[in-house]
Amino acid sequence: MIQSKMRKLLGGAMLLAAGFSGCLHAEQVAQPFTQPRLDAFAAAMAQEVEQGRIGGIATLVYQNGEIVQRAEYGFADLEQQRPLEPDSLYKIFSLTKLVTGTALLTLYDEGRFELDEPVGKYIPELQNLQVAVADGPEGMPKTEPAAHPVTIRELMTHTGGFTYGRFGDTQVDQLYVKADIQNRDSTFADMMAKLEHIPLLHQPGTVWHYSISVDIQAALIEVLSGKTFDAFLQERIFDPLEMVDTDFYAPEDKAGRLALSYQPQPDGSLKAIPNTPFLSKPRFLNGGGGLISSVDDYLRFARMLLGGGELEGTRILKPETVELMRRNQLPQGVEDIGPFFPGNQFGLNVAVVNDSPAAGYLPEGTYWWWGIQGAWCWIDPSNDAIIIGMMQNTDYRLSRMIHGKASRALYGPAKP
């Protein structure tokens, strides 16, 4: 790559004393990240760009009330040689799920619903769902009735029996694809009307299966609040937390800040994917993966969670609700969330580490998630820390490998 310019952009860690107020519970003794660990983390992330595997990545480590590492490596636009900047915007995809879950839990705090209530109480189309038990003729599975109605807790733990469609090849998945379940020009009402006629993939409460459950949560927010999902997020999350750059699209005055996504090619090159679909507001407000945000905005959101639901005097959630969110909520008999996420259980819209070595040495109790193009956020109460990474890489296996390099650099066994 263009070495002289790249070397300039790939600097080491930038130490910033931000003076933010963190939250450290009395029983916790935070262990500061050492400079050698921060340097190793920075070097590992820079190497991914230097070796051409990704176009760019931004990282931030926040601990004990201050930013202790922050840097941008590489480019928002390789062809134009436009570097990533501190205010660059990113398609955060499934990091949206934490925001949607938090929004829904604000209504829980108000007593609008209970976690073990049936979703169908509020969304009638989901009242009497069938469950696929075997392949059937003409692409329609053989079914049996659900053993119990899908609950809101099951929605928030991906154990309700729903799927995504594009990550599997069962007859149920094929029905999701045929129905175009997340059509950008559709509404939540359209989605519910489709789901009414598609069987669940599993009996509710029996299997963790990644799914469109968080889109259903967004629809539930609209029903419970009487407001559109985007308006509710603006009122309850974005405005109170001063998240000034988070929305479902990048408007014209911010379009130039949105980083391009890159798809690795067989010859080792990177193919740019145009940002066009993300420059206008979609009709479908994807609760599971639709937001665009910045490092600074997402840090404010994560600081609120680390602070027990409060940031700089503004309370979003009750402390006990944040504790509920970050505690394992998987049903009895569901021990983990599968081989792709070893060492993790699941809270409410977040993974929760329960086996540190298996989870890449993330400390037990760390709660987190990531987006399909690599953006991630780890909230580590035991060390009063938040680690955020933002990238736009379509190879999710590569992204998970990069996550592993990051966690080992910051938390792994010390090298002799």
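Keep in mind that what you see is a predicted model, and the values were worked out from it rather than measured.

Student: What should I look at first to understand the side chain of glutamine 345 in this one?
Tutor: Relative to the helices and strands, glutamine 345 is located in strand S12 (residues 344-346). You can call glutamine 345 buried: its relative accessible area is 17%. Side-chain polar atoms of glutamine 345 contact the side chain of asparagine 328, separated by 3.5 Å. Those residues in contact with glutamine 345, other than ones at most four positions away along the chain, are Asn328, Leu330, Glu335, Ile337, Ala351, Val352 and Asn354.

Student: What is the right way to look at the packing of helix H3 (residues 96-109) against helix H8 (residues 229-241) in this model?
Tutor: What describes two packed helices is the angle between their axes and the distance between those same axes. Direction vectors running N to C along H3 and H8 enclose 80°, while the axes themselves pass 10 Å from each other. As far as their axial angle goes, H8 and H3 are roughly perpendicular. Residues Val99, Thr100, Thr102, Ala103, Thr106 and Leu107 of H3 pack against Phe229, Phe232, Leu233, Arg236, Ile237 and Phe238 of H8. Residue classes in the contact of H3 with H8 are distributed as eight nonpolar, three polar and one charged.

Student: Looking at this model, I keep getting lost on the pattern of salt bridges. Mind explaining?
Tutor: Pairing is possible between side chains of opposite charge, provided their charged atoms come close. This model, assessed by the stated rule, comprises 18 salt bridges. For glutamate 235, the salt bridge identified is with arginine 236, shortest N-O distance 3.6 Å. On the basis of relative accessibility, which here comes to 37%, the residue glutamate 235 falls in the partly exposed class. Taking the shortest distance from any N to any O, the salt bridge between glutamate 310 and arginine 315 comes out at 2.8 Å. Look at the salt bridges and you will find they share partners, linking Glu110, Arg112, Lys227, Glu235 and Arg236 into a network.

Student: What is the right way to look at the pairing of strand S15 (residues 374-380) in this model?
Tutor: On any regular strand, side chains alternate: one points to one face of the sheet, the next to the other face. Counting buried positions over the seven residues of S15 gives seven, a clear majority of the element. Side chains Gly374, Trp376, Trp378 and Asp380 project from S15 onto one buried face, and the interleaved Ala375, Cys377 and Ile379 project onto a second face that is buried too. Relative to S15, strand S14 (residues 367-370) is paired through four bridges, and the arrangement is antiparallel. Bridge pairing in S15 links tryptophan 369 to cysteine 377. The loop that links S14 with its antiparallel partner S15 comprises three residues. Two strands pair when backbone bridges link them, and S15 and strand S16 (residues 385-392) are joined in this way by six bridges, in the antiparallel orientation. Each residue of the ladder has a partner; that of glycine 374, found in S16, is glutamine 392.

Student: Please explain the packing of aromatic side chains as it appears in this structure.
Tutor: Each pair of aromatic rings is reported with the distance of its centres and the angle of its planes. Under the definition given, this model contains 22 aromatic pairs. Pairing tryptophan 208 with tyrosine 210 gives two aromatic rings, centres 6.0 Å apart and planes at 20°, and the pair type is stacked. Members of the aromatic cluster, joined through ring pairs, are Tyr164, Phe167, Trp208, Tyr210, Phe340, Phe341, Phe346, Trp368, Trp369, Trp370 and Tyr396. Lysine 91 extends its terminal NZ or CZ atom over the ring of phenylalanine 278, reaching a point 5.3 Å from the ring centre. A cation over a ring is seen here: arginine 400 above phenylalanine 340, with NZ or CZ 5.9 Å from the ring centre.

Cut-offs used in this document
- Residues numbered from 1 in each chain as written.
- Predicted model: local features only at pLDDT ≥ 70, side-chain atom pairs only at ≥ 80, totals over all residues.
- Heavy atoms only, no water.
- Helix = DSSP H or I, 4+ residues; strand = E, 2+ residues; numbered from the N terminus.
- Buried < 20%, exposed > 50% of the residue type's maximum accessible area, 1.4 Å probe, protein only.
- Polar contact = N/O pair within 3.5 Å; in protein donor to acceptor, adjacent residues only side chain to side chain.
- Contact = heavy atoms within 4.5 Å.
- Axes fitted to C-alpha atoms, helices over the stretch in contact; angles between N-to-C directions.
- Parallel < 35°, antiparallel > 145°, perpendicular 65-115°, else oblique.
- Nonpolar A, V, L, I, M, F, W, Y, C, P; charged D, E, K, R; others polar.
- Salt bridge = Lys/Arg side-chain N within 4 Å of Asp/Glu carboxyl O.
- Pairing = 2+ DSSP bridges.
- Phe/Tyr/Trp six-rings, centres within 6.5 Å; stacked < 30°, edge-to-face > 60°.
- Lys NZ or Arg CZ within 6 Å of the ring centre and 35° of its normal.

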